[in-house]
Amino acid sequence: MDNLKPPATITPDELSKLTLAWLNKYQLAPTPINYAVIYACSHPNNQKLRSELQQLIANNQTPDNYLLAELHQKYLEENLQADNETLSAIHKVIVNLQTVCEKSQSDVSQYQSTLHSQASKLNDTDNQHTVDIVNTIIVATEKAQLAQNQFKDSIYASQNDIKTLQQKLKTAQQQAQTDSLTGLANRRGMENFLNTLTSTSHICALLFDIDNFKQLNDTYGHGVGDIILQKVAQQIAQLLGPEHIAIRYGGEEFLVLMINQARDDVFMYAETVRENIEKLKLVHGKTRKRLPQVTISVGLSLNRQKLSVAEAIEQADSALYQAKSSGKNRVCLSS
Ligand SMILES: Nc1nc2c(ncn2[C@@H]2O[C@H](COP(=O)(O)OP(=O)(O)OP(=O)(O)O)[C@@H](O)[C@H]2O)c(=O)[nH]1
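This structure is a prediction, so every number in the text was calculated from the model and none was measured.

Participant: Help me understand the overall build of the chain in this model?
Facilitator: When its secondary structure is counted, the chain shows 11 helices and 5 strands. Counting across all 335 residues of the chain, residues that qualify as buried make up 37%. Of all intrachain contacts in the chain linking residues separated by at least 6 positions in sequence, the fraction that spans at least 24 positions is 66%.

Participant: Sorry, what's going on with the site of the ligand here?
Facilitator: Close contacts around the ligand come from 18 residues, with Asn212, Phe213, Asn217, Asp226 and Arg248 the closest. Asparagine 212 places a polar main-chain atom, nitrogen or oxygen, 2.8 Å from an oxygen atom of the ligand. Within the backbone of lysine 214, a nitrogen or oxygen atom sits 2.9 Å from an oxygen atom of the ligand. Expressed as a share of its isolated accessible area of 680 Å², the protein-covered part of the ligand is 75%. Among the elements that make up the shell around the ligand, the one with the highest residue count is helix 9 (residues 222–238) (4 residues). For the shell around the ligand, the residue count by class is 4 nonpolar, 5 polar and 9 charged.

Participant: How should I be thinking about the side chain of glutamate 253 in this particular structure?
Facilitator: Here glutamate 253 shows up in strand 3 (residues 253–259). Not counting chain neighbours up to four residues away, the residues in contact with glutamate 253 comprise Leu207, Phe208, Asp209, Ile247, Arg248, Asp317 and Leu320.

Participant: For this particular structure, what's the right way to read the pattern of salt bridges?
Facilitator: A side chain of one charge can pair with a side chain of the opposite charge when the charged atoms of the two come close. Taken as a whole, this structure holds 8 salt bridges when the rule is applied. Between lysine 324 and aspartate 209 there is a salt bridge, with its nearest N and O atoms 2.8 Å apart. Taken together, the positions of lysine 324 in helix 11 (residues 309–325) and aspartate 209 in strand 1 (residues 203–210) put the pair 115 residues apart, joining distant regions of the chain. On the basis of relative accessibility, which here comes to 21%, the residue lysine 324 falls in the partly exposed class. Among the salt bridges present, the one from arginine 274 reaches glutamate 271, with a minimum N-O distance of 2.8 Å. Placement of both arginine 274 and glutamate 271 in helix 10 (residues 263–278) is noted, with a separation of 3 residues, approximately one turn of the helix. Here arginine 274 matches glutamate 271 in class, with each residue buried. A cluster of three or more residues bridged by salt bridges with shared partners is formed by Asp209, Asp211 and Lys324.

Participant: Sorry if this is basic, but what is going on with the pairing of strand 1 here?
Facilitator: Two faces make up the sheet, and in a regular strand the side chains alternate between them. Summarising burial for strand 1: 8 of the 8 residues are buried, a large majority. Residues Ile203, Ala205, Leu207 and Asp209 line one face of strand 1 and the alternating positions Cys204, Leu206, Phe208 and Ile210 line the opposite face, and both faces are buried. The pairing of strand 1 with strand 3 spans 7 bridges and is classified as antiparallel. Across the sheet, phenylalanine 208 pairs through a bridge with phenylalanine 254, a residue of strand 3.

Participant: Quick question: what am I supposed to make of the layout of surface pockets here?
Facilitator: Rolled over the atoms, a probe as big as a water molecule pinpoints where empty space is left. Taken as a whole, the second largest pocket spans an internal volume of roughly 180 Å³. For the lining of the second largest pocket, the per-class residue count stands at 3 nonpolar, 7 polar and 1 charged.

Participant: Looking at this model, I keep getting lost on the sheet that holds strand 3. Mind explaining?
Facilitator: Across a sheet, paired strands are connected by hydrogen bonds in the backbone, their directions being either parallel or antiparallel. Pairing is mixed across the open sheet formed by 5 strands, whose spatial order is 2-3-1-4-5. Each end of this open sheet is capped by a strand with a single partner; those strands are strand 2 (245–250) and strand 5 (331–333). Sheet twist, expressed as the mean angle between neighbouring strand axes with direction ignored, is 20°. Against the sheet, helix 9 makes contact with strand 1, strand 2, strand 3 and strand 4 (296–301), and its axis sits at roughly 10° relative to strand 3, the strand it touches most.

Participant: Honestly, the side chain of threonine 141 in this entry has me stumped. Any pointers?
Facilitator: Here threonine 141 shows up in helix 6 (residues 128–176). Excluding residues that lie within four positions of it along the chain, threonine 141 makes contacts with Val108, Tyr111, Gln112 and Leu115.

Rules of the game
- Residues numbered from 1 in each chain as written.
- Predicted model: local features only at pLDDT ≥ 70, side-chain atom pairs only at ≥ 80, totals over all residues.
- Heavy atoms only, no water.
- Helix = DSSP H or I, 4+ residues; strand = E, 2+ residues; numbered from the N terminus.
- Buried < 20%, exposed > 50% of the residue type's maximum accessible area, 1.4 Å probe, protein only.
- Contact = heavy atoms within 4.5 Å.
- Near = heavy atom within 4 Å.
- Polar contact = N/O pair within 3.5 Å; in protein donor to acceptor, adjacent residues only side chain to side chain.
- Areas by Shrake-Rupley, 256 points an atom, 1.4 Å probe, with all protein chains shown as cover.
- Nonpolar A, V, L, I, M, F, W, Y, C, P; charged D, E, K, R; others polar.
- Salt bridge = Lys/Arg side-chain N within 4 Å of Asp/Glu carboxyl O.
- Pairing = 2+ DSSP bridges.
- 1 Å grid on protein atoms, 1.4 Å probe; cavity = no way out; pocket = protein on both sides within 12 Å on 5 of 7 lines; lining within 4 Å.
- Points joined across faces, edges and corners; volume = space filled by probe spheres on them.
- Axes fitted to C-alpha atoms, helices over the stretch in contact; angles between N-to-C directions.

Right, dumping it as structure tokens:
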């Protein structure tokens, strides 16, 4: 299981044991998310997930809960869009049914009033047997109309149920595109945003990474680490117009994509965010003691060569590496 690929003949029971052994090796609790990710690594459909995890480990990244949660979100939570399409299709069928039902209801009403008017023309001299038949038909028609009314009511109720479900799904989809800790977009939110852009959109990529975050976590605990992540995210988001997007890209890494923005303004934005974070005065919630200064490093791709988004992010990543290796707390431009 070290290479995360079990032999072809493994049973689910054995696979479960291997999954637990793998989690144990990295001292990870078998939470539903951790378990699901490692178990899923063995499935032939999840080759990309397996490769990414293997690559991260090969790059000396230690798998932790955050990393596995990210992989879970990226590879194993894909069904919401499909659900929405199914609901819309059902909604259409119900609206059609409703139209058919209303038409047939008006036909029955018309038929009923014809019957009534014809029945009133029959008089005592007519054959009592005929009168009885007509009256029986009238009663049967009234029953049919009652059943039809009930059917129409249940169609309306289903329509309302579908509207409620669609609303719930919309909320779930929004949540699925949002990082719950920081409120920024997550990678799925980024994909959706990119789908709204045209081929002429010019994209600058900025990668922000908190400096020495592991040390902050280790010294003050992950609760404090989480608050720092929120504060940094807030600084990044608050200076950004609605045409741009801020994404929680990794544990303590944030990506900003700026669309059709003058290059000088992109640089100014990055520098202002960096300065604002450096100036933050954070206090430990319990001890009320000041926390050490938080700083960030920023890698920036101004994308002069009209690169794809993935290439621009890669450039920003190299620039971020430069910012880290040349002393941190600075903005570096890709060459
Ligand atoms: N509190 C908290 N920590 C996280 C979260 N996601 C990732 N981390 C932690 O972020 C840390 C990232 O550490 P490193 O990648 O070593 O980076 P660093 O210490 O910031 O070092 P430099 O980037 O070189 O300055 C790890 O300890 C992760 O456990 C999160 O959601 N909350």
